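Fold and geometry: a report
Each chain is listed here by its residues.
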Amino acid sequence: MKRLLKNGTVVNVFTGELIKTNVLFENGIILGVDDYGDDEADEVIDAAGKYICPGFIDGHIHIESTMLTCPEFAKTAVSHGTTAVIADPHEIANVSGKDGLRYMIESSEGLPLTVYFVIPSCVPATSFDESGAVLSADDIEEFYSESRVLGLGEVMNYVGVVAGDGELEKKIKSALSRGLVVNGHAPLLSGKPLDKYISAGIGDDHECSSADEAKERIRKGQRIMIRQGTAARNLSGLISLFDDPWEQRCLLVTDDKHPADLISNGHIDSIIRSAVQMGKSAVTGIRMATLHAAECFGLKNTGAVAPGYKADLLVLDDLDKVIVRDVYKNGEKVVSDGKTLCFDMPKINDSLERKVRSSFNLPMLSSSDFAVDYNGKRKCHVISLVEGQLLTDDLVSDIDFDCNNGIDIEHDILKIAVIERHHNTGHIGNAFIKGIGLKEGAIASSVAHDSHNLIVIGTNTDDMAFAANRIRELGGGIVSVKNGKVVAEMPLPIGGLMSCETAERAAEENEKVRESVYSLGVPKGFEPFMIMSFLSLPVIPHLKLTTKGLVNVDAQRKVPLAAE
């Protein structure tokens, strides 16, 4: 069926112009952008007073981190104008290996937005991690035959790349030999080490937190993914990249986005809105979110309103506010008046479903599991949060182990533990953290990038044990507790990462558990669960905690708790 969007204002992402014209499309392809008449179409849609632009593309997201299944994520994201995402499923791959990858591919088939994939490059992220699976270069080869696979996912082990790690080189060369992309992840890497990292074939990065860092990478040929998610919010620090010539090498991504945030604030549309509020052009933001993303991943005839391009089209009520009215995916309407239309659910293999729902393998825990066997006062390495960033500092602080085994609520020195949950090894890393703000109780989660072991932070070891055991009972989730009772919880039975609920119900549960921490003393507006989920990731500087203990990320070496 030929459809005609007439009298709308087209956002031309090639020139930056706003052009009042008509758009004719059929069989998922745009036939023309010109003064086509009603008699040339089977259906005519009047777009007078509206803007027509390409569908948005999120260039880097972990769908598992939305805590939603692929269909529920799609239902929500497409209503905000997202018609394609490039997903790196390394969260579930770290839990369930190849079964996890197959689950994500099957569960994302035939949705109202296209889920492309990059295959996880670092499972586990480093040798310090204890993940549920290990994916070698040979293991991932079979996935390159999938039509929606575009490349190799973020290469987080940048130390290994610079050092010439043979297994990593094999993975990178395999992707490049197929003409596929290789995504980057190298925070604060600079100078000659950055040259070596880029020359390995890594073409982009989403970890930049400052304009100077990003501009160095652009000068050296990389593309920059401007990230604005729930935890890492780099837009304000990178807002100058919306200006020429920098914007030509930038795209927009969310990376990690919680469901309540997704529903209440939006997806890629919210990044463009925020940029406009900071004084930048909506057209520039749209170009980053469409044409630039498509070019980055080699998606031909995608990301523009032009003849021969895919008819992934948005009708906007307002350009600067990015109010999405209607969405056409492959020429078919999937969103009407801001509401996602019904669509068929993908079929998922029963055995895969069972496997990803059986991810916990550890015994009951007790408060003694979180005790540190020190006496008196000791200088210790403490993980110190950096406001608004995933970066953490290494703070050496005096810890009095004769008082609450080192926990000092008055000075915001709390205990943190990471418990191995995949293979029942019994490994537990215990340390201290500053910057969370809890005054009582504990919080725990099975979402702990990237190996997704069980992570707990508390003001006392009794509540820490209770919180950890509740997560174990749920088969995964996030929970806040106080005095041996649950304050709020969100079950995540799929891999310990995703909810079985609708997006709306998941968002409601997510909002309750996020809000619950404020009753435990956490400052309003702070997101401890999202921050906590990155505290065991030993590829983001500077100090992190794994099941094996503290890790100096910069030096990629273990650090004893005691600093003396």
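An account of the accompanying structure is given in this report. (Residues numbered from 1 in each chain as written. Predicted model: local features only at pLDDT ≥ 70, side-chain atom pairs only at ≥ 80, totals over all residues. Heavy atoms only, no water.)

Considerations on the overall build of the chain
- The helix and strand inventory of the chain stands at 14 helices and 28 strands.
- Whereas a compact globule of 564 residues would reach a radius of gyration of roughly 24 Å, the chain reaches 24 Å, a difference of no more than 12%.
- In the chain, 69% of the contacts between residues at least 6 apart in sequence involve partners at least 24 apart.
- Charge centroids of the chain, computed over 57 positive and 81 negative side chains, lie 1 Å from each other. (Helix = DSSP H or I, 4+ residues; strand = E, 2+ residues; numbered from the N terminus. Rg over C-alpha atoms; globule rule 2.2 N^0.38 Å. Contact = heavy atoms within 4.5 Å. Lys, Arg positive; Asp, Glu negative; His and termini not counted. Charge placed at Lys NZ, Arg CZ, Asp CG, Glu CD.)

Description of the sheet that holds strand 24 (residues 477–482)
- The eight strands are arranged 19-18-21-20-23-22-24-25 in an open sheet whose pairing can be described as mixed. Looking at the sheet topology across the chains shown, the edges are occupied by strand 19 (392–400) and strand 25 (485–491). Each neighbouring strand pair of the sheet contributes to a mean axis angle of 25°, computed without reference to strand direction.
- Here three bridges tie strand 18 (residues 377–385) to strand 21 (residues 428–434), and the two strands are oriented parallel to one another. Bridge pairing in strand 21 links S384 to K434.
- Of the strands in this sheet, strand 20 (413–419), strand 22 (442–445), strand 23 (454–458), strand 24 and strand 25 are in contact with helix 12 (residues 461–474), which crosses strand 24 at around 145°. (Pairing = 2+ DSSP bridges. Axes fitted to C-alpha atoms, helices over the stretch in contact; angles between N-to-C directions.)

Considerations on the layout of surface pockets
- Quantified by volume, the largest pocket comes out at close to 320 Å³.
- E387, G388, Q389, F526 and I531 are the residues nearest the centre of the largest pocket, which is lined by 13 residues in total.
- Tallied by class, the residues present in the lining of the largest pocket amount to five nonpolar, five polar and three charged.
- Built from parts of two domains, the lining of the largest pocket gets at least three residues from each of domain 2 (56–301) and domain 3 (359–558).
- There is about 240 Å³ of room inside the second largest pocket.
- In terms of lining, the second largest pocket is formed by 16 residues, of which the most central are P124, A125, N157, D165 and L168.
- In the lining of the second largest pocket, the residues fall into seven nonpolar, six polar and three charged. (1 Å grid on protein atoms, 1.4 Å probe; cavity = no way out; pocket = protein on both sides within 12 Å on 5 of 7 lines; lining within 4 Å. Points joined across faces, edges and corners; volume = space filled by probe spheres on them. Nonpolar A, V, L, I, M, F, W, Y, C, P; charged D, E, K, R; others polar. Domains from an automatic or database assignment.)

Looking at the side chain of Q556
- Tracing the sequence through the fold places Q556 in the loop between strand 27 (549–552) and strand 28 (557–559).
- Look at Q556 and you get buried, because its relative accessible area is 18%.
- A distance of 2.9 Å separates a polar atom in the side chain of Q556 from the backbone oxygen of P538. (Buried < 20%, exposed > 50% of the residue type's maximum accessible area, 1.4 Å probe, protein only. Polar contact = N/O pair within 3.5 Å; in protein donor to acceptor, adjacent residues only side chain to side chain.)

A closer look at the packing of helix 9 (residues 268–277) against helix 10 (residues 282–296)
- Axis separation between helix 9 and helix 10 bottoms out at 9 Å; the angle between their running directions is 150°. In terms of their interaxial angle, helix 9 and helix 10 are classed as roughly antiparallel. Considering the relative orientation of helix 9 and helix 10, their crossing is right-handed. Contact residues: I268, I272 and V276 in helix 9; A282, G285, I286 and A289 in helix 10. (Parallel < 35°, antiparallel > 145°, perpendicular 65-115°, else oblique. Left-handed = near helix turned anticlockwise from the far one by under 90°.)

A look at the sheet that holds strand 11 (residues 204–205)
- Strand order in the open sheet made by the three strands is 11-12-13, with parallel pairing throughout. On the outer flanks of this sheet lie strand 11 and strand 13 (250–253), each paired with one strand and no other.
- In this sheet, strand 12 (residues 223–227) lies alongside strand 11 in parallel orientation, the contact comprising two bridges. Note on strand 12: the bridge partner recorded for D204 is R223.

Notes on helix 5 (residues 166–177)
- An ideal rise of 1.5 Å per residue puts 16 Å on 12 residues; helix 5 measures up with 16 Å between its terminal C-alpha atoms.
- Along helix 5, the positions that sit buried rather than exposed are L168, K171, I172, S174 and A175. Down the axis of helix 5, the smallest arc covering the buried residues is 160°, so these residues share one side. Residues of helix 5 that are exposed and angled more than 90 degrees away from the buried face: K173 and S177.
- Close packing links the buried residues of helix 5 with helix 3 (137–140), strand 9 (149–155), helix 4 (158–163) and strand 10 (181–184).
- Two or three places before E167, at the start of helix 5, stands the capping residue D165, its side-chain oxygen 3.1 Å from that residue's backbone nitrogen. (Expected span 1.5 Å × (residues − 1). Arc of directions from axis to C-beta.)

Examining the packing of aromatic side chains
- A complete count under the given rule lists four aromatic pairs for this structure.
- Their ring planes at 65° and their centres at 5.5 Å tell us that F25 and Y328 sit as a pair that is edge-to-face. One end of the pair, F25, is in strand 2 (residues 18–26); the other, Y328, is in strand 15 (residues 323–329), with 303 residues separating them in the sequence.
- Of the residues examined, F25 reaches a relative accessible area of 1% and is grouped as buried.
- Residue classification places Y328 among the buried positions, given a relative accessible area of 1%.
- Pairing F401 with F432 gives two aromatic rings, centres 5.7 Å apart and planes at 70°, and the pair type is edge-to-face. Of this pair, F401 sits in the loop between strand 19 and strand 20 while F432 sits in strand 21, and the two are 31 residues apart along the sequence. (Phe/Tyr/Trp six-rings, centres within 6.5 Å; stacked < 30°, edge-to-face > 60°.)

Here's the deal with the pairing of strand 14 (residues 313–318)
- For strand 5 (residues 51–54) and strand 14, the ladder comprises four bridges, and the chain directions are antiparallel. Its bridge partner lying in strand 14, P54 is registered against L313.
- Counted between consecutive antiparallel strands, the loop separating strand 14 from strand 15 contains four residues, among which V322 sits at a positive phi close to 50°.

Structural notes on unusual backbone geometry
- The step from V123 to P124 runs through a cis peptide bond, and the omega angle for that step is 0°.
- Assignment of secondary structure puts P124 in the loop between strand 8 (114–119) and helix 3.
- Unusually for a residue other than glycine, L188 sits at a positive phi of about 70°.
- Residue position: L188 is located in the loop between strand 10 and helix 6 (191–199).
- A positive phi angle is found at N483, which is not glycine, with a value near 55°.
- Mapped onto the secondary structure, N483 falls in the loop between strand 24 and strand 25.

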